[in-house]
Amino acid sequence: MVDLSLFTDWNYCSACGLASSQKPTINLEPAQAVLLSGKFKDAVKSNGGDPVAAARACPQFERFLDPSQMAELATTSAPKPPTKLMACADCSCVAYHNATCQKSHWRSSHKRECKELASAMLPLKELIRWHKMHKKVKKNNLEGGRPMDAGEALSAIVGSGKRVWCWWEPDNENGITEQTLNASNNMWQKSAQKWQDGDYLVAMEGFQNSLEPYRKAWPYIGKSSGTNERREGDLNEFFVRSKLLAEKLLFCAYCELDASQVDSARQRLVQCLSITMTVFFTTPSRASKESIRHIMNDAWMEFMLSMQEVPQHRIIARHVAAMAIATKSCGWTDPLQRPGYMARGGLSSVPYTPPEKHPSWCRILENNWVRILNEYSQLISNPLNFLNVGSGQRGSG
């Protein structure tokens, strides 16, 4: 199974804006400023290697440095900037060169946004927590902790059934029973009929209530809750049942996002992703993998869009993209990409709208096409100009 983790390849300090390879410049201690400038060492060399004489010759140094420190500073190399920036421990959405940059950014702005970002990050961190538990249980399922080769794995799947751990199956700890599952399915079917009749609000309330047992079961994933059974002969039935639940969660998330119930929708999306990933990496059937892959792609895409559509949360989109890339989903290759909604399959025909029916923004593009083309040519002449595009600060790039 793949490794899920948050985006960590931060290239620019959120406080000073400099690259990770550049020296920080925000609120440096006076002694650090002197060292980093290199001028103090030059002054020492010019004064025969005497740091005190150098300080007296250069009052700007004497003003900052205690004479007792000068000999040490004259021979101490300037601190090298870290190769990787340090991310905020609470929200994981900003990164800094050092504690000085972190404190400066906290006072200027991050203090007001960190709590909200940390809250928006919770579904992703819960998904990572589930993934770690899933991998741990899967490892314990191997005979004597020894990894099985391909032949042994295939035999375990096809010959004697596959042991699968999942949080959404009936279990004493997670509160899901056969009775609650039957009640949930009945409620969903009744709500689906309401939906067909056009009573959408009542139907939606029923859909949400039918999925309530799974919402309550999800927090128990960190306590080894869930079935861990070797499924003899019912593996296909398990896949069909799990896929149906994933489709229900995804559909409900669609509706909740349309109704601006973002927190609830994101919770359902991570539940959907945990189910689809379990099935995808368990089933040996290529057809089953493809059918579940479409659901997984759509869930990642909706998760991405839910972050993109909230300006304060756009920075989190890079975490979503990094995790989707780890599962080889959506065709994404770079966490800083901001692809639009990808259609599967080609268009059956090219849509055509007469010029007189074009919206007004089309005319603006036509009238300014030369200027737009010139700006684009200037951008592509220097790849560094594209670093901010899709960085999570300016919407879809």
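First, a word on what this report is: a plain description of the structure on this page. (Residues numbered from 1 in each chain as written. Predicted model: local features only at pLDDT ≥ 70, side-chain atom pairs only at ≥ 80, totals over all residues. Heavy atoms only, no water.)

Let's talk about the pattern of salt bridges
Note the threshold: Between Lys or Arg on one side and Asp or Glu on the other, a salt bridge is scored when a side-chain nitrogen of the former is within 4 Å of a carboxyl oxygen of the latter. Helix and strand definitions follow DSSP, with helices as H or I runs of at least four residues and strands as E runs of at least two, each counted in order from the N terminus. Three labels apply to residues, based on accessible area from a 1.4 Å probe with only protein chains included: buried if under 20% of the type maximum, exposed if over 50%, partly exposed otherwise in between.
In total, this model carries four salt bridges according to the counting rule given. We note a salt bridge from Glu169 to Arg241, for which the minimum N-O separation is 2.7 Å. Of the two residues, Glu169 sits in the loop between strand E3 (162-166) and helix H8 (178-196) while Arg241 sits in helix H11 (residues 235-258), which places them 72 residues apart along the sequence. Given a relative accessible area of 31%, Arg241 falls into the partly exposed group. Between Arg241 and Glu237 there is a salt bridge, with its nearest N and O atoms 3.5 Å apart. Residue Arg241 and its partner Glu237 are located together in helix H11, separated by four residues, close to a single helical turn.

Notes on helix H9 (residues 200-210)
The following threshold applies: This arc is built from the directions going out from the helix axis to the C-beta atoms.
Looking at H9, one finds that the buried residues are Ala203, Met204, Gly206, Phe207 and Ser210. The buried residues of H9 occupy an angular sector of 160 degrees when the element is viewed end-on, so they sit on one face.

Re the nonpolar core
Stated precisely, the cut-off is as follows: Remark: nonpolar core denotes a set of buried residues (Ala, Val, Leu, Ile, Met, Phe, Trp, Tyr, Cys) joined through side-chain atoms within 4.5 Å. The contact definition used throughout considers only heavy atoms, calling two residues in contact when any of these lie within 4.5 Å.
Judged by nonpolar contacts, the single largest core of 76 residues is most densely connected at Trp300 and Ile316. Of all the elements, H11 adds the most residues to this core, at eleven residues. Ignoring any residue separated from it by four or fewer positions in sequence, one finds Ile316 in contact with Cys93, Leu117, Ala120, Met121, Leu124 and Met307.

So, the packing of aromatic side chains
In this description, an aromatic ring pair is defined by two values, namely the gap between the centres and the angle between the planes. As a reminder, the rule being used: Classification of ring pairs uses Phe, Tyr and Trp, with its six-membered ring standing for Trp, and accepts pairs whose centres are within 6.5 Å; under 30 degrees between planes counts as stacked, over 60 as edge-to-face, and the remaining range as tilted. Charge over a ring is defined by NZ of Lys or CZ of Arg lying within 6 Å of the ring centre and within 35 degrees of the ring normal.
One pass over the full model with this rule turns up twelve aromatic pairs. Geometrically, the ring pair formed by Phe7 and Trp10 is edge-to-face, given 5.3 Å between the ring centres and 80 degrees between the ring planes. Where Trp188 meets Phe207, the ring centres are 4.2 Å apart and the plane angle is 35 degrees; that geometry is what we call tilted. Here Phe207 lies in helix H9 and Trp188 lies in helix H8, a separation of 19 residues in the sequence. Residue classification places Trp188 among the buried positions, given a relative accessible area of 13%. Through pairs of rings, three or more aromatic residues link up here, namely Trp167, Trp168, Trp218, Phe238 and Phe239. The ring of Phe280 carries Lys289 above its face, with NZ or CZ at 4.5 Å from the centroid.

Observations concerning the state of the cysteines
Disulfide: a covalent bond connecting the sulfur atoms of a pair of cysteines. To be explicit about the condition: Criterion for a disulfide: a pair of cysteine sulfur atoms within 2.5 Å.
Taken as a whole and judged by the stated rule, the model has zero disulfides. With no disulfide partner, Cys114 has as its closest neighbouring cysteine sulfur the one in Cys88, 3.8 Å distant. The class of Cys114 is buried, set by a relative accessible area of 4%.

Any link to function would need more than the numbers given here.
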